[in-house]
Amino acid sequence: MTEPSASPLSRSRRRPLVVVLFGGRSSEHGISVVTAGAVLRAIDRTKYDVRPVGITHDGRWVLTADDPDRMTMADRRQPTVEQLTDSDRGNVVVSVDPTDRTVVLSERGTEPKVLGEAGVVFPVLHGPYGEDGTVQGLLELSGIPYVGAGVLASAIGQDKEYMKRVFSSFGLAVGPYLVIRPREWQSDPTGVLARISGFAGGYGWPLFVKPARAGSSIGITRVEGREGLEDAIAEAHRHDAKIIVEALVQGREIECGVLEFPEGPRASVPAEIPVPGAHAYYDFEAKYFESTPGVVPAALTESQTGEVRRLAVKAFEATSCEGLVRADFFLTEEGQFVINEINTMPGFTPVSMYPQMWQASGIGYGDLVDRLLHAALRRSTGLR
């Protein structure tokens, strides 16, 4: 077998090589590309060498253009990895030998080309097949450090059912919910509809029907009554075979960022997400096309601010997170913080809420990216 050739550049490389991994097979592919563009702009090229690697919709890893200007939304169209690469250039391969971190471009009919030895991977992937522990598991096998949560925390953070179970077990308040598993719906849809209607009888309408393992508010429907349930379930099933139904929690939407420091996690100042006037809730359109501004910092009392920051760090530690987390809460009229979810790889453009909260806390976007890379390089892979 022919050994991959190493270029003089890769042999003499002194700066850590950052592989920015983005795109992916989930419905959040385009959002991931936008996030990657922002990260590529922010990485300090005097400290790091950078290779952008995209994952296509069908799961191929490809070398892409290092061109953040092409990685933005235009006319409500989301960018794709396919637009940033020559589809005939071959696949990027990461070794699963933990003693060999080389990243190789394998092209049909040519000798494999070594792109460098990965110092750290920054996986700006959202949703299944990226944010859910799958890529994290591959990187653990490869022995390559990476930014963000590990396998377990990523899996918990992606699955809304088990996330809520973990939160409850650690004493965090969660809203009422029920889970519809694939076999239940396939074997007894009438019974499932009756169960959801009974749930609504106890907690009232509206209900929110969601894919259990998706993000960016994709596939979510606010259902005002029994007649809208089947369409809502069909929409959620377009993104996930397992769905979750949540009761409405009346309250203000409060978010808080958590960042890993050498001495432990710290919480940012919190933000508030006002419900856009034309939307019933903070949906995909409001997040990415309406540019609905969050209020940073949120108008909370000193006591409320301290409490939500404490709870955000508690959620981070309850799920064994690393690197970063955005924790989302409802503040009820009774003054209780109810946790809605965490995001282990939250929206990460400069105008996203996570960076905005840290900007208001004194850490700018470039510094935030640098701190995350340093945190990843400090950690080893494997059990820790």
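Before reading on, note that the structure itself is shown above.
Report on the accompanying structure. (Residues numbered from 1 in each chain as written. Predicted model: local features only at pLDDT ≥ 70, side-chain atom pairs only at ≥ 80, totals over all residues. Heavy atoms only, no water.)

**Looking at the environment of Val-94**
Part 1 of the reasoning: If you trace the backbone, Val-94 turns up in strand β5 (residues 91–94).
Part 2 of the reasoning: Each C-alpha atom of the pair Val-94 and Trp-61 lies 9.4 Å from the other, and the pair is 33 residues apart in sequence.
Part 3 of the reasoning: Those residues in contact with Val-94 that sit more than four places away from it in its chain are Trp-61, Thr-102, Ser-142 and Ile-144. (Helix = DSSP H or I, 4+ residues; strand = E, 2+ residues; numbered from the N terminus. Contact = heavy atoms within 4.5 Å.)

**Digging into the pairing of strand β13 (residues 264–267)**
Part 1 of the reasoning: Direction of pairing for strand β12 (residues 251–261) relative to β13: antiparallel, over a ladder of 4 bridges. Bridging across to β13, Leu-259 finds its partner in Arg-266. (Pairing = 2+ DSSP bridges.)

**Overview of helix α7 (residues 189–203)**
Since the α-helix turns once every 3.6 residues, residues separated by three or four places project in the same direction.
Part 1 of the reasoning: Over its 15 residues, α7 runs 21 Å from end to end, which matches the ideal 21 Å to within 8%, given 1.5 Å per residue.
Part 2 of the reasoning: Turning to α7, its buried residues are Val-192, Leu-193, Ile-196, Phe-199 and Ala-200. Within α7, the buried residues cover an arc of 115° as seen down the axis, which keeps them to one side. Exposed residues lying more than 90 degrees from the buried face of α7 are Thr-190, Gly-201 and Gly-202. (Expected span 1.5 Å × (residues − 1). Buried < 20%, exposed > 50% of the residue type's maximum accessible area, 1.4 Å probe, protein only. Arc of directions from axis to C-beta.)

**A few points about empty space enclosed by the protein**
Part 1 of the reasoning: On inspection of all chains with the given rule, the structure shows 2 cavities of 30 Å³ or more.
Part 2 of the reasoning: The calculated volume of the largest cavity comes to roughly 60 Å³.
Part 3 of the reasoning: In terms of lining residues, the largest cavity is bounded by Pro-123, Leu-125, Gly-130, Glu-131, Gln-136, Val-147, Gly-148, Ala-149, Ser-154, Thr-344 and Met-345.
Part 4 of the reasoning: Broken down by class, the residue content of the lining of the largest cavity amounts to 5 nonpolar, 5 polar and 1 charged.
Part 5 of the reasoning: Here the second largest cavity is characterised by a volume of approximately 30 Å³. (1 Å grid on protein atoms, 1.4 Å probe; cavity = no way out; pocket = protein on both sides within 12 Å on 5 of 7 lines; lining within 4 Å. Points joined across faces, edges and corners; volume = space filled by probe spheres on them. Nonpolar A, V, L, I, M, F, W, Y, C, P; charged D, E, K, R; others polar.)

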